[in-house]
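# Breakdown of the fold
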Amino acid sequence: MYILTLVGAGILTLLGVAHGILTLRSSPSGGPLTPEDEGVRAAMSVVGGLGLEPSIRTTLWKAWVGFNLSHSLGVVAIGALIGIPVLQRGGLPLDDPFWMTVALAAPWLYLVISIRYWFKQPTHAIGLASALITASVLIDLAL
């Protein structure tokens, strides 16, 4: 049943890639991940005001893009850490404690974060990925 894990890992990877693309397609003038409020966009473009060391000269917009891109990369990495060993072995690496920890904890942690802070579309997809990966592991452990 390792195909369920591959589908779950694929969902996570796809979410990370999509988030990165949407971030890169956004700018203070507009885009899919740009705040709708003009005042917010203008405030995000002001240099300073981040509460950081005064010598750090950046904008909230640049920090926001960097955060979003690093977040995207993290989700892609989690998907890869779960999926690649499965592809390499042609099955679940149930004897690998690191893999088991990542596969069973990371998707559920992302789900908790998504429920608390994000919106319903990624929450549904992350929930599905978490359930598929966990079901796959439980089925393989039972066999």
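Cut-off values and rules
- Residues numbered from 1 in each chain as written.
- Predicted model: local features only at pLDDT ≥ 70, side-chain atom pairs only at ≥ 80, totals over all residues.
- Heavy atoms only, no water.
- Axes fitted to C-alpha atoms, helices over the stretch in contact; angles between N-to-C directions.
- Helix = DSSP H or I, 4+ residues; strand = E, 2+ residues; numbered from the N terminus.
- Parallel < 35°, antiparallel > 145°, perpendicular 65-115°, else oblique.
- Left-handed = near helix turned anticlockwise from the far one by under 90°.
- Contact = heavy atoms within 4.5 Å.
- Nonpolar A, V, L, I, M, F, W, Y, C, P; charged D, E, K, R; others polar.

In this section: the packing of helix H3 (residues 60-89) against helix H4 (residues 97-117). Where H3 meets H4, the axes come as close as 10 Å, and the angle between the chain directions of the two elements is 140°. Considering their axes alone, H3 and H4 lie oblique with respect to each other. The chirality of how H3 crosses H4 is left-handed. The residues of H4 that touch H3, namely those facing His71, Gly74, Val75, Ile78, Leu81, Ile82, Pro85 and Val86, are Phe98, Trp99, Val102, Ala103, Ala106, Pro107 and Tyr110.

Contact pair H4 / helix H5 (residues 120-142): the axes reach a minimum separation of 9 Å and the direction vectors enclose 155°. The angle between H4 and H5 places the two elements in the roughly antiparallel class. The handedness of the crossing between H4 and H5 is left-handed. On H5, the residues that touch Trp99, Met100, Ala103, Leu104, Pro107, Trp108, Tyr110, Leu111, Ser114 and Ile115 of H4 are Pro122, Thr123, Ile126, Gly127, Ser130, Ala131, Ile133, Thr134, Val137 and Leu141. Per-class residue counts for the contact of H4 with H5 are 15 nonpolar, 5 polar and no charged.

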